[in-house]
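Topology and contacts: notes
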Amino acid sequence: RLTAYCATDVEVERAIHKTLIQLSPSEQDLWVIDQHINSRGVYVDLPAVLNLIDLSEREKSRLQFELRRLTNGRVRTPALELRAEHSKASTVKLKAMAKGVSQDGRARGLLEYHGAGTGRWAGRRIQTQNMPRTPEDFEIEDAENIISWARIPGGEQGIAAEYGKALDGVSWTLRSLLMAAPGNELLCADYS
């Protein structure tokens, strides 16, 4: 069955190759750059990610307890304001970061060239192109502060005291978890 599958797979790939047009030299160069980017990956502060996951889970549990308390146990799943806070996408991204890190501390395969119908890159796995926006006054020192709070049991209260809501602080810290590997420098640029 495997041999038959492979033979069929090869035939399909040949048919696709005959149908598709060749990439232009500039598109081929971009594809090669994409492969280098995805092969190199980006370093992830895994200890901070794991601490923030734990903190986020504690805060979600606290929010669920608060909801049950406020409704005398009649409502067991988050609703309205508590639901908005409870369902932050940041915890999903944290888990994707933790799951996607290789032995060398890098996450790979995060971009797909021509992954969107418009021809632009598409984010994969961690979805680095879809990170939550931070407040204008949020600085790298704030992210470092939140990461420090995450190391402490009960640190969610400290984050909430300084930044309003603990899960907001976690969300604003996501970009800071992708960083230069030790001994390297991370350079950022965009077309604008």
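To be clear, the structure that these remarks concern was listed above.
Owing to the predicted nature of the structure, the values given are computational and were not obtained by experimental measurement.

Turning our attention to a negative patch on the surface. Together, E136, D137, E139, E141 and E144 give the surface a local cluster of negative charge. Looking at where E139 falls in the secondary structure, it is placed in the loop between β4 (122–123) and α6 (140–150).

Our next topic: the environment of E156. Tracing the chain through its elements places E156 in helix α7 (residues 155–163). A sequence separation of 47 residues divides E156 from G109, and the C-alpha atoms of the two residues are 32 Å apart. Leave out the neighbours within four places in its chain, and E156 touches L55, R58, E59 and A166.

A general trend in soluble globular proteins is that nonpolar side chains are found buried together. Ranked by size, the top nonpolar core spans 27 residues in total, and within it V44, V49, L52, L94, M97 and L177 carry the most contacts. If you list the elements that add at least two residues to this core, you get β1 (42–44), α3 (46–70), α5 (90–100), α6, α7 and α8 (166–173). Counting residues per element, this core draws most heavily on α3, which supplies five residues. V49 has contacts with V44, L94, M97, A98 and L177, leaving out every residue within four places of it along the chain.

Under the criterion given, the structure shown has three aromatic pairs. In this structure an aromatic cluster arises from ring pairing among F138, Y163 and W172.

We now examine the packing of α3 against α8. What describes two packed helices is the angle between their axes and the distance between those same axes. Running from N to C, α3 and α8 point in directions that differ by 155 degrees, and their axes come no closer than 10 Å. Considering their axes alone, α3 and α8 lie roughly antiparallel with respect to each other. Considering only the axes of α3 and α8, their crossing is left-handed. Taking contact as the criterion, the partners of L52, L55, S56, E59, K60 and L63 in α3 are, on α8, A166, L167, V170 and T173.

An ideal rise of 1.5 Å per residue puts 36 Å on 25 residues; α3 measures up with 36 Å between its terminal C-alpha atoms. In the segment just after α3, N72 is the residue with positive phi, at about 55 degrees.

Turning our attention to the sheet that holds strand β2 (residues 106–107). One open sheet accounts for three strands, arranged β2-β1-β5; its pairing is antiparallel. Two strands in the sheet have a free side with no partner beyond their single neighbour: β2 and β5 (178–179).

The next thing to look at is the layout of surface pockets. Any empty space left between atoms is shown by rolling a water-sized probe over those atoms. Taken as a whole, the largest pocket holds about 1500 Å³ of empty space. If you trace the largest pocket, you find 31 residues lining it, with L111, L186, L187, C188 and A189 closest to the centre. Counting residues per element, the lining of the largest pocket draws most heavily on helix α2 (residues 25–40), which supplies five residues. The residue inventory of the lining of the largest pocket, partitioned by class, reads 18 nonpolar, seven polar and six charged.

With that out of the way, let us pick up the side chain of R106. Turning to its location among the elements, R106 is positioned in strand β2. For R106, which is buried and forms no salt bridge, the nearest opposite charge comes from D104, at a distance of 4.4 Å. Of note is the side chain of R106, whose polar atom sits 3.3 Å from the backbone oxygen of G41. With residues near it in sequence (within four places) discarded, R106 still touches R40, G41, V42, Y43, G100, V101 and A181.

Looking now at a nonpolar patch on the surface. Taken together, the side chains of V12, I16 and L20 present a nonpolar region at the surface, about 270 Å² in accessible area. Topologically, I16 is positioned in helix α1 (residues 2–19).

Calculation criteria
- Sequence order sets the numbering: in each chain, residues are counted from 1 along the sequence as written.
- With pLDDT at 70 or above as the cut-off, local features in this predicted model cover only qualifying residues; side-chain atom pairs require 80 or more to be listed or tallied, and sums for whole chains, interfaces and linings still use all residues.
- In computing side-chain properties, one takes all heavy atoms of the structure into account and sets aside hydrogens as well as water.
- The patches described consist of residues with a relative accessible area above 30% and no salt bridge, like charges being joined within 9 Å and nonpolar side chains (Val, Leu, Ile, Met, Phe, Trp, Tyr) within 5 Å.
- Method for areas: the Shrake-Rupley scheme with a 1.4 Å probe, in which residue coverage is limited to the protein chains shown.
- Basic side-chain nitrogens of Lys or Arg form a salt bridge, by our definition, when they fall within 4 Å of a carboxyl oxygen of Asp or Glu.
- Asp and Glu count as negative and Lys and Arg as positive, but His and the ends of the chain are not part of the count.
- A charge is said to be at NZ when it belongs to Lys, at CZ for Arg, at CG for Asp and at CD for Glu.
- Under the DSSP-based scheme used, a helix requires at least four consecutive residues in state H or I and a strand at least two consecutive residues in state E, with every element numbered from the N terminus.
- The contact rule is simple, with two residues in contact once any of their heavy atoms fall within 4.5 Å.
- Nonpolar cores are built from buried Ala, Val, Leu, Ile, Met, Phe, Trp, Tyr and Cys residues. Side-chain atoms within 4.5 Å join them into one set.
- Summary of the burial criterion: residues with accessible area below 20% of their type's maximum are buried, those above 50% are exposed, and those between are partly exposed, where the area comes from a 1.4 Å probe applied to protein chains only.
- Note on aromatic contacts: the rings of Phe and Tyr and the six-membered ring of Trp form a pair at centre separations within 6.5 Å, being stacked when their planes are under 30 degrees apart, edge-to-face when over 60 apart, and tilted otherwise.
- All axes here are fitted lines through C-alpha atoms, helices being fitted over the stretch that makes contact, and every angle between N-to-C directions spans 0 to 180 degrees.
- Angle categories: roughly parallel below 35 degrees, roughly antiparallel above 145, roughly perpendicular from 65 to 115, and oblique for all the rest.
- Less than a right angle of anticlockwise turn of the near helix away from the far helix marks a crossing as left-handed, whereas a clockwise turn marks it as right-handed.
- Any helix carries an expected span of 1.5 Å times its number of residues minus one.
- A pair of strands is considered paired only if DSSP assigns at least 2 bridges between the two.
- For cavity detection a 1 Å grid was placed over the protein atoms alone, and a set of points counts as a cavity when a 1.4 Å probe fits there but cannot get out; an open set counts as a pocket when protein lies on both sides within 12 Å along at least five of seven lines, with lining residues being those that have an atom within 4 Å of a point.
- Grid points are joined across faces, edges and corners, and a volume is the space filled by probe spheres set on the points.
- When residue character is reported, Ala, Val, Leu, Ile, Met, Phe, Trp, Tyr, Cys and Pro are called nonpolar, Asp, Glu, Lys and Arg charged, and the others, Gly included, polar.
- N or O atoms closer than or at 3.5 Å make up a polar contact, with two conditions inside protein: a donor-capable atom paired with an acceptor-capable one, and, for residues adjacent in sequence, both atoms drawn from side chains.

Geometry only, nothing functional implied.
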